[in-house]
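Listed here are the chains, written in short residue letters.
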Amino acid sequence: DSKANLWIATRENGMYCRDKAGDIRKFMHEAHNPNSITSNHIRSFAEDNYGNLWIGTFTGLNKYNPRTNKMTVYTRDDLPGSLTHASVFATYKDVQGTLWIGTKSGLNSYTQEGIKTYLHHSGDPHSLPSNYINHLTEDSLGNFWIATSKGLALYDDEQDQFNTVNSSIIYSSVGVEGGMWFGSE
């Protein structure tokens, strides 16, 4: 993160933070503690422009404020502006400061104005290829990429739409000088 902490996600053992001094702090779900993470199955992290850490888990999105040591939980409900699903697979903050949240039932963008939802619509070639979001990333040119269970899409910010570039299932990416590498099955 911006404070040189190393955050480590685990599948069933919560998350760890190793600070600059080498001290390690463990974060675990505690059933009777509303200030704990919602699940010990951690899938992703993203730090926002204010230093908060957004944590995607199996059962919700958690916002950790390291200044106050407070955890805020966001889950799926039927209210407008809610996440498309509680199970969060990917989180990413783009260069414009938008927080993107990929779930197993759609993509959400979070800004000061609130949450916007993006879904796959059969028959619409400019919607997401699938609602199951595996991975989110941005290349050195500011292009935002969305990996789904049915293909890789490029977000067109000006048109607020998606262009599917292939039908491979992508799980990871790494930026390289002058480009981006994607990992698939």
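Up top is the structure these notes are about.
Residues numbered from 1 in each chain as written. Predicted model: local features only at pLDDT ≥ 70, side-chain atom pairs only at ≥ 80, totals over all residues. Heavy atoms only, no water.

Q: Help me understand the side chain of Asp139, please; the structure alone is not making it clear to me.
A: With respect to the helices, strands and loops of the structure, Asp139 is situated in the loop between strand E12 (133–138) and strand E13 (144–148). For the buried Asp139, no salt bridge is present, and the opposite-charge side chain at shortest range is Lys93, 15 Å distant. Side-chain polar atoms of Asp139 contact the backbone nitrogen of Asn143, separated by 2.9 Å. A polar contact of 3.1 Å, which involves the side chain of Asp139, links it to the side chain of Trp145. (Helix = DSSP H or I, 4+ residues; strand = E, 2+ residues; numbered from the N terminus. Buried < 20%, exposed > 50% of the residue type's maximum accessible area, 1.4 Å probe, protein only. Lys, Arg positive; Asp, Glu negative; His and termini not counted. Salt bridge = Lys/Arg side-chain N within 4 Å of Asp/Glu carboxyl O. Polar contact = N/O pair within 3.5 Å; in protein donor to acceptor, adjacent residues only side chain to side chain.)

Q: How should unusual backbone geometry be read in this particular structure?
A: The phi angle of most residues is negative, glycine excepted, and most peptide bonds adopt the trans form. Positive phi values are uncommon outside glycine, yet Ala4 reaches one of about 70°. Secondary-structure assignment places Ala4 in the segment before strand E1 (6–9). Given a relative accessible area of 46%, Ala4 falls into the partly exposed group.

Q: How do you make sense of the nonpolar core when you look at a structure like this?
A: Grouped burial of nonpolar side chains is what soluble globular proteins tend to show. Grouped together as the largest cluster of nonpolar side chains are 12 residues: Ala90, Trp100, Leu107, Tyr118, Leu128, Ile133, Leu136, Phe144, Ile146, Ala153, Tyr155 and Phe162. Elements supplying a minimum of two residues to this core: E12, E13 and strand E14 (151–156). Sequence-distant contacts of Phe162, that is, excluding residues within four places in its chain, are made with Leu107, Tyr118, Pro125, His126, Ser127, Leu128, Ile146, Ala153, Leu154 and Tyr155. Cys17, Phe27, Ile42 and Tyr64 belong to the second-largest nonpolar core, a separate cluster that totals 10 residues. (Core = buried A, V, L, I, M, F, W, Y, C linked by side-chain atoms within 4.5 Å. Contact = heavy atoms within 4.5 Å.)

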